[in-house]
Amino acid sequence: MILERKDILGIKELSKDEILLILDTADSFIEISTREIKKVPTLRGKTVINLFYEASTRTRTSFEIAGKRLSADTINISASTSSVVKGETLLDTARNLEAMNPDVIVIRHSAAGAPHMLAGMVRQSIINAGDGAHEHPTQALLDMMTIRAKKGRLENLNVAIVGDIAHSRVARSNIYGLKKMGAQVAVAGPATMIPRDIEQMGVSVHSSLDEAIKEVDVIMMLRIQIERQHQNIFPSLREYAQRFCLSKKNISLAKKDVLVMHPGPINRGVEISPDIADGPYSVILDQVTNGVAVRMALLYLLTGGKA
Amino acid sequence: MKNKNRVVMDAEGIDRSLTRIAYEILEKNKGLDDLVLIGIRTGGIYLANRLQRKIAAIEGIEAPSGILDVTLYRDDLQKTNKKPRIGKTDIAFSLDDRKVVLVDDVLFTGRTIRAAMDALIDFGRPRLIQLAVLIDRGHRELPIRADFVGKNLPSSLWEDVSVKLTEKDGVDEVVIEMDSEE
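Calculation rules
- Residues numbered from 1 in each chain as written.
- Chains lettered and ligands numbered in written order.
- Predicted model: local features only at pLDDT ≥ 70, side-chain atom pairs only at ≥ 80, totals over all residues.
- Heavy atoms only, no water.
- Salt bridge = Lys/Arg side-chain N within 4 Å of Asp/Glu carboxyl O.
- Helix = DSSP H or I, 4+ residues; strand = E, 2+ residues; numbered from the N terminus.
- Buried < 20%, exposed > 50% of the residue type's maximum accessible area, 1.4 Å probe, protein only.
- Pairing = 2+ DSSP bridges.
- Axes fitted to C-alpha atoms, helices over the stretch in contact; angles between N-to-C directions.
- Phe/Tyr/Trp six-rings, centres within 6.5 Å; stacked < 30°, edge-to-face > 60°.
- Lys NZ or Arg CZ within 6 Å of the ring centre and 35° of its normal.
- Right-handed = clockwise from strand over helix to strand, strands pointing away.
- 1 Å grid on protein atoms, 1.4 Å probe; cavity = no way out; pocket = protein on both sides within 12 Å on 5 of 7 lines; lining within 4 Å.
- Points joined across faces, edges and corners; volume = space filled by probe spheres on them.
- Nonpolar A, V, L, I, M, F, W, Y, C, P; charged D, E, K, R; others polar.
- Core = buried A, V, L, I, M, F, W, Y, C linked by side-chain atoms within 4.5 Å.
- Contact = heavy atoms within 4.5 Å.
- Expected span 1.5 Å × (residues − 1).

**Student:** Explain the pattern of salt bridges here, please?
**Tutor:** Pairing between side chains of opposite charge can happen when their charged atoms approach one another. Taken as a whole and assessed by the stated rule, the structure comprises 31 salt bridges over all chains. Its salt-bridge partner being Glu64 of chain A, residue Arg60 of chain A comes within 3.8 Å of it at the nearest N-O pair. Of this pair, Arg60 of chain A and Glu64 of chain A are both found in helix H2 (residues 58-69), four residues apart, which corresponds to roughly one turn of the helix. Of the charged contacts in the structure, one is a salt bridge between Arg111 of chain B and Glu141 of chain B, with a shortest N-O distance of 2.7 Å. In this pair, Arg111 of chain B is assigned in helix H3 (residues 111-122) and Glu141 of chain B in the loop between strand S5 (128-136) and strand S6 (148-152), connecting sequence segments 30 residues apart. What makes Arg111 of chain B partly exposed here is its relative accessible area of 33%. Since its relative accessible area comes to 47%, Glu141 of chain B is described here as partly exposed. When salt bridges with common partners are traced through the structure, they connect Asp24, Asp27 and Arg148 of chain A together with Arg85 of chain B into a single cluster.

This is how it looks when you write it as structure tokens:
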């Protein structure tokens, strides 16, 4: 089994075998980050450009560290300090970067489909690091890796995803991935945050947190995008927290060995209470650690030699 | 299509060679002090485990052993689009000032051992590195030689030397396989 694609644009187009190959490869990369010398020479002479049109700490740093631990040269470009502010289009930026011969371009963009457009235009491998409300494949891969490491499997697990499902690329990518791997997925959130046709993705829909997390193996809490408050999709943070905050009061409804996950950044006290985020069920920091390994695996699998 | 397979070593032969290598390792290193065995994935892992048991049977003490996957250090990765699967490396102890015995099934071009030595140095500064192999089939492309050899097996380049071990193949034997294309 080898990964025969130029780009990683979404989980939707990946097969179960491809996902397994990526997760197995990532499992083997974990050990490198525990060494005293956290570097292997594998991608010497390769160049990875992180092109970020949206704010990011975790994902950008994670890709940068992943590249560096494989000895690739990594370069970060954020829109706010680039020629984007002078009005350069995405395509012109990409063509100019292409002319400098990188091997991989990692892109995050607020427009859904931006990475797909680039993938069709440039020779380099494109990795989608989040496009609008569409997909965030590396997040779903690191989430699946974390669940599999803790539970030993993905098949037949019950996973609840709670929050703003409609605007969440993390939720979409995870639903695609978890369903492919044989897990059952339930989603919950205020009606304004549940997309109308979500059942077609094979998930069950709940309007209350308590109902959604009953007897589940995994709870994924999504970040409430406070910047969306002006769109009137929820009345106030206080009311949202009263109905959908994961806390000591409701966590006992889930299985005793439930995993609590969050893609970050956390709004403490809004979608998750601090004692749960820092508590024994939480694997939030394992997710971050595994994120580096998943991105190392993708860089390794995508950067070929001569075609 | 020719397909002549020749068995050049059977289970007893393999076992005797490993017993001798175990004694030679102890003799050359004057005992077990600071000695560790590192098996190169995959054949080397099982041979390292067997040597570990044989040494323990002689000395009554077990030498620590680890597993090394050298894929990420290979010099031909950039030349191929078929990325080999990465196996887990597991070395749960420091290599600083240790005497490391690298264990592999077949010594051929020497490129795997070059990669393994680069990897080991990333784990620390061993006092010395020695090499134990079951088969040395010649055709070196790098200035590398083994300290402990089970059997020297002159081979031609279009032959394939395959070490089969019960742990992975259900049988203990060394086979020379003619490349059926030739």
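From this point on, the discussion continues.
**Student:** Just checking my understanding: could you explain the sheet that holds strand S7 (residues 204-206) of chain A for this structure?
**Tutor:** All names here are of chain A. Strand order in the open sheet made by the five strands is S7-S6-S5-S8-S9, with parallel pairing throughout. Both outer strands of the open sheet, S7 and strand S9 (259-261), are each paired with one neighbouring strand and no more. Here the average twist between neighbouring strands, direction ignored, is 20°.

**Student:** Teacher, can you tell me more about the packing of aromatic side chains here?
**Tutor:** Any aromatic ring pair is given by two values, namely how distant the centres are and how the planes are angled relative to each other. Evaluated as defined, the whole model comprises two aromatic pairs over all chains. Considering the side-chain rings of Phe29 of chain A and Tyr300 of chain A, the 5.8 Å spacing of their centres and the 65° angle between planes classify their relative orientation as edge-to-face. You can see Phe29 of chain A sitting in helix H1 (residues 16-29) and its partner Tyr300 of chain A sitting in helix H11 (residues 284-302), a full 271 residues away along the chain. Per residue, the accessibility class of Phe29 of chain A equals that of Tyr300 of chain A, and both read buried. Across the ring face of Tyr300 of chain A, the terminal group of Lys83 of chain B is positioned such that the distance to the ring centre comes to 4.7 Å. Here Arg137 of chain B stacks its cationic end above the ring of Phe108 of chain B, 4.0 Å away from the centre of that ring.

**Student:** Just to check I follow, could you spell out unusual backbone geometry for this structure?
**Tutor:** For residues other than glycine, phi is negative in most cases, and the peptide bonds are mostly trans. Note the cis peptide between Gly264 of chain A and Pro265 of chain A, where omega equals -5°. For Pro265 of chain A, the position within the fold is in the loop between S9 and helix H10 (274-277). Omega for the peptide link from Arg41 of chain B to Thr42 of chain B comes to -5°, which places this bond in the cis form. Positionally, Thr42 of chain B belongs in the loop between strand S2 (35-40) and helix H2 (43-59).

**Student:** Could you clarify how one ought to interpret the pairing of strand S6 (residues 184-188) of chain A in this entry?
**Tutor:** Regular strands place their side chains on alternate faces of the sheet. Residue and element names in this part refer to chain A. By the criterion of burial, S6 is predominantly enclosed, with four of the five residues buried. Pairing of strand S5 (residues 158-162) with S6, which is carried by five bridges, proceeds in the parallel orientation. Residue Asn158 lies in a different strand from S6, and its bridge partner there is Gln184. In this region the chain leaves S5, passes through helix H6 (residues 169-180) and returns to the parallel neighbour S6; the handedness of that crossover is right-handed. The pairing of S6 with S7 spans three bridges and is classified as parallel. Bridge assignment links Ala188 to a residue of S7, and that residue is His206.

**Student:** Could you clarify how one ought to interpret the layout of surface pockets in this entry?
**Tutor:** Once rolled over the atoms, a probe with the size of a water molecule shows which space is left empty. In this structure, the largest pocket occupies an estimated 610 Å³ of space. Along the wall of the largest pocket there are 29 residues; nearest its centre are Arg108, Arg169, Arg223, Gly264 and Pro265 of chain A. For the second largest pocket, the calculated volume is near 340 Å³. Along the wall of the second largest pocket there are 19 residues; nearest its centre are Arg41, Val70, Thr71, Arg74 and Thr112 of chain B. Among the secondary structure elements, those contributing two or more residues to the lining of the second largest pocket are strand S4 (99-107) and H3 of chain B. The residue inventory of the lining of the second largest pocket, partitioned by class, reads four nonpolar, five polar and ten charged.

**Student:** Mind showing me how you'd approach the nonpolar core here?
**Tutor:** Side chains of a nonpolar character, in soluble globular proteins, are inclined to be buried together. Among the nonpolar cores identified, the biggest contains 88 residues, and Phe29 and Ile161 of chain A together with Leu68 of chain B are the most heavily contacted of them. In contact with Leu68 of chain B, not counting residues within four places along its chain, are Ile38, Gly39, Ile40, Arg41, Thr89, Ile91, Leu102, Ala116, Ala119, Leu120 and Phe123 of chain B.

**Student:** Would you mind showing me how to read H2 of chain B here?
**Tutor:** What sets the pattern is the α-helix's 3.6 residues per turn: residues three or four places apart point alike. Residues and elements named next belong to chain B. Look at H2: 24 Å from first C-alpha to last across 17 residues, which is about the 24 Å you get at 1.5 Å a residue. Along H2, the positions that sit buried rather than exposed are Gly43, Gly44, Ile45, Leu47, Ala48, Arg50, Leu51, Gln52, Lys54, Ile55 and Ala56. The inward-facing, buried residues of H2 abut helix H1 (11-29), S2, strand S3 (65-68), S4, S5 and helix H4 (166-169). Downstream of H2 by a residue or two, Gly60 has a phi angle that is positive, lying close to 80°.

**Student:** What's the story with the sheet that holds strand S2 (residues 73-78) of chain A in this structure? I'm lost.
**Tutor:** Two pairing modes exist for strands in a sheet, parallel and antiparallel, and in both the strands are linked by backbone hydrogen bonds. Residues and elements named next belong to chain A. Strand order in the open sheet formed by four strands is S2-S1-S3-S4, with parallel pairing between adjacent strands. Unpaired on one side and paired on the other, S2 and strand S4 (125-131) mark the two borders of the sheet. Between one strand axis and the next, the sheet turns through 15° on average, direction left out of account. Pairing geometry for strand S1 (residues 47-52) and strand S3 (residues 104-109), over five bridges, is parallel. Paired with Phe52 across the two strands is Arg108, which belongs to S3. Sheet strands touched by H11: S1, S3 and S4. Its angle to S4, the strand with the most contacts, is close to 150°.

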